[in-house]
Amino acid sequence: MTPAFLDSLSEIVGRSSLLTAQEDLVPYGFDGTAALKGTPGAVVFPGTTAQVAACVRLAADHRVPVVTRGSGTGLSGGSVPSPGSLVLCLVEMNAILNVDARNLTLRAQCGVITQRIDEAAAPHGLFYPPDPGSLKISTIGGNVAENSGGLRGLKYGVTRDYVMGLEVVLPDGSIAHLGNACVKDVAGYSMKDLFIGSEGTLGIITEVLLKLVPRPAARRTLLAVFDRMEDAAQTVSAIIAARIIPCTLEFLDKMTVGCVEAYAKIGLPTDCEAVLLMETDGHPAAVEEEAGRMAELATEHGARSVRAAKDEAEALALAAARRNAFSALARVKPTTILEDVTVPRSELAAMVAFIAQTSARLNLQVGTFGHMGDGNLHPTFLTNERDAAEMERVHTALEAIVEKALELGGTITGEHGVGLAKKPWLKKQVGDSSYALMKLVKSALDPQRLLNPGKIFD
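Calculation notes
Counting restarts for each chain, with residues numbered from 1 along the sequence as it is written. Whole-chain, interface and lining totals are the exception, using all residues; otherwise, since this is a predicted model, local features are given only for residues with pLDDT of at least 70 and side-chain atom pairs are given and counted only at 80 or more. The basis for every side-chain value is the complete set of heavy atoms in the structure, and neither hydrogens nor water enter the calculation. An axis is simply a line fitted to the C-alpha atoms; with a helix, the fit covers only the stretch in contact. Between two such axes, the angle follows the N-to-C directions and lies from 0 to 180 degrees. Helix and strand assignments follow DSSP, with helices taken as H or I runs no shorter than four residues and strands as E runs no shorter than two, numbered in order from the N terminus. Reported orientations rely on four angle classes, namely roughly parallel under 35 degrees, roughly antiparallel over 145, roughly perpendicular from 65 to 115, and oblique for the rest. Handedness of a helix crossing follows the sense of rotation of the near helix relative to the far helix, less than a right angle counterclockwise being left-handed and clockwise being right-handed. Note on definitions: a residue-residue contact is assigned when non-hydrogen atoms from the two residues lie within 4.5 Å. Residues are grouped as follows: Ala, Val, Leu, Ile, Met, Phe, Trp, Tyr, Cys and Pro are nonpolar; Asp, Glu, Lys and Arg are charged; all remaining types, including Gly, are polar. Under the pairing criterion, centres of Phe, Tyr and Trp rings, with the six-membered ring standing for Trp, must be within 6.5 Å; the plane angle then separates stacked pairs below 30 degrees from edge-to-face pairs above 60, leaving the rest tilted. Buried means the residue's accessible area, taken with a 1.4 Å probe over protein chains only, is under 20% of the maximum for its type, while exposed means over 50%, and partly exposed covers the values in between. Basic side-chain nitrogens of Lys or Arg form a salt bridge, by our definition, when they fall within 4 Å of a carboxyl oxygen of Asp or Glu. For two strands to count as paired, DSSP must find a minimum of two bridges between them.

1. Considering the packing of helix H8 (residues 229–241) against helix H10 (residues 284–300)
Then step 1. The interhelical angle for the contact between H8 and H10, taken along N-to-C directions, is 140°, at an axis separation of 9 Å. In this view, H8 runs oblique relative to H10, as classed from their interaxial angle. Crossing angle aside, the handedness with which H8 passes H10 is right-handed. Contact residues: Thr235, Ala238 and Ile239 in H8; Met294, Leu297 and Ala298 in H10.
Then step 2. Within the contact of H8 with H10, the residues separate by chemical class into 5 nonpolar, 1 polar and no charged.

See the structure below:
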């Protein structure tokens, strides 16, 4: 980056919102993905969409790559900067602009923390369901860019299902407004959907219009304990077959349960093979009926015990146990690699068994947890990136797990995105024609290939 370029950046955002010293850049050289790092040329903190657009135009004129960043919680290397790139950190754009209770929508800038969205909706009796594990720190713009999922995805869907409109800065610095507050709108291509999950490679999301739903009147939380993982998987299949769609249907394996209990000390049994966290919400009568039926199905399919949370505090503690799984596992070894594959629900038991067999064969510590209700698994490797031999075995295991997921009709990523971590397998999953079409879209919108280069594609 030339001094003239940096001076121009300073004029756009102000000198206090520009970082160039090497020691100041270090925290922006990585995200939540283990062992992936880069070195940006500079970091800026724009406060308005106009400033974002001006920075992008300047970068395009100087052919400087641009990497967008929120809180840096991504788990596929999506915000790891390419060498010498300009990082646009959008955390200062953090205003909730409007809650429209009449139309059940909320408008927010991209840097708003995800949890604040639901907190702003609650006083109006409304609810924003998507709840990624990082909801206390991740930004809504990052959620949209990655199409984030969460614990409630089985019943309520993922981020895409709640995006009604977007403000996006395009690679040439122009500003596009996509979608609107209308429940029905079939005018032209659904352009907003092109940017959801595009991982910052097609444009920079600066503002979002989100759909809200009525807040559930009641909720019941259950914890089922199993001595066999297969029984837990069969219980999930039985619940779905009974036409029950819980808002949460999560599982933790034995290693994860042990780590969570050591971390949170909430009374989880550590001598089991798996636990299922089951939660239903909605009308009070329906909730009681569904909770009772899920408890019956778990018992019928081999659950050693099923306990219902006695009150809201215990329900929150049980949910927190699942949300703390990653943090609990991360205490065991210096490096924690949280993976993300999804298979059809009918293949869950086979996939979990394969993960266990692979980790044993390669002498690796792996804790597996995830969204069993929608087939999304998170095998988590506890390792040390300074141990070259062990890291080689980790990569061997990761490749085997991803290949197995594809063999079982699954996907290489259910919610973390492709980024740097998963791009070697994207073409194998989608096929040559779809892969070529994705690259064609990228070339059409970003002919200089300056937005988040090296992500999703080489």
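Next comes the rest of the account.
2. Focus: the packing of helix H14 (residues 388–407) against helix H15 (residues 423–430)
Then step 1. At a minimum axis separation of 11 Å, H14 and H15 run at an interaxial angle of 15°. When the interaxial angle is binned, H14 and H15 end up roughly parallel. Along this stretch, H14 crosses H15, giving a crossing that reads as right-handed. Contacts between H14 and H15 involve Glu399, Val402, Glu403 and Leu406 on the former and, on the latter, Trp425, Lys428 and Gln429.
Then step 2. When its residues are assigned to classes, the contact of H14 with H15 shows 3 nonpolar, 1 polar and 3 charged.

3. What about the packing of aromatic side chains?
Two aromatic rings are characterised by how far apart their centres lie and by the angle between their planes.
Then step 1. Scanning all chains against the criterion turns up 4 aromatic pairs.
Then step 2. With 5.4 Å between their ring centres and 85° between their planes, Phe127 and Tyr156 make a pair best called edge-to-face. Residue Phe127 is found in strand S7 (residues 126–127), and its partner Tyr156 is found in helix H6 (residues 153–156); the two are separated by 29 residues along the sequence.
Then step 3. The exposure class of Tyr156 is buried, given its relative accessible area of 16%.
Then step 4. A ring pair is formed by Tyr128 and Tyr162, whose centres lie 5.9 Å apart and whose planes are at 75°; its orientation type is edge-to-face.

4. A look at the pattern of salt bridges
Then step 1. The full count for this structure, using the stated rule, is 25 salt bridges.
Then step 2. Ionic pairing is found between Glu314 and Lys310, a salt bridge with its closest N-O pair at 3.5 Å.
Then step 3. A residue is classified by how much of its surface remains accessible, and Lys310, at 67% relative accessible area, is exposed.
Then step 4. Three or more residues joined by partner-sharing salt bridges are found here, namely Asp131, Arg152 and Arg323.

5. Topic: the sheet that holds strand S4 (residues 86–89)
Then step 1. Reading across the sheet, the 4 strands line up as S1-S2-S4-S3 and stay open at both edges, with mixed pairing between neighbours. The open sheet terminates on both sides in strands that have one partner only, identified here as strand S1 (18–19) and strand S3 (66–69).
Then step 2. Relative to strand S2 (residues 42–44), S1 runs antiparallel, the two being bridged by 2 bridges. Looking at the pairing, Leu19 lines up with Val43 of S2.
Then step 3. Here helix H3 (residues 49–62) sits on the sheet in contact with S2, S3 and S4, set at roughly 170° to S4.

6. Structural notes on unusual backbone geometry
Then step 1. Its identity is not glycine, yet Arg243 carries a phi of approximately 65°, on the positive side.
Then step 2. With respect to the element layout, Arg243 can be found in the loop between H8 and strand S13 (248–253).
Then step 3. With a phi angle near 55°, Asn363 is a residue other than glycine that sits in the positive phi range.
Then step 4. Note that Asn363 resides in the loop between helix H13 (348–361) and strand S18 (365–371).

7. Remarks on the sheet that holds strand S6 (residues 105–109)
Then step 1. The strand order across the open sheet built from 5 strands is S5-S6-S10-S8-S9, with neighbouring strands paired in antiparallel fashion. Edge positions in the open sheet fall to strand S5 (96–100) and strand S9 (175–179), since each of these has one partner strand only. Neighbour to neighbour, the strand axes of the sheet diverge by 10° on average, direction disregarded.
Then step 2. Of the pairings in the sheet, the one linking S5 to S6 comprises 4 bridges and is antiparallel in character. Its bridge partner being in S6, Val99 is matched across the sheet by Leu106.
Then step 3. The sheet contacts of H3 involve strand S8 (163–169), S9 and strand S10 (204–211), and relative to S8 the element is tilted by about 50°.

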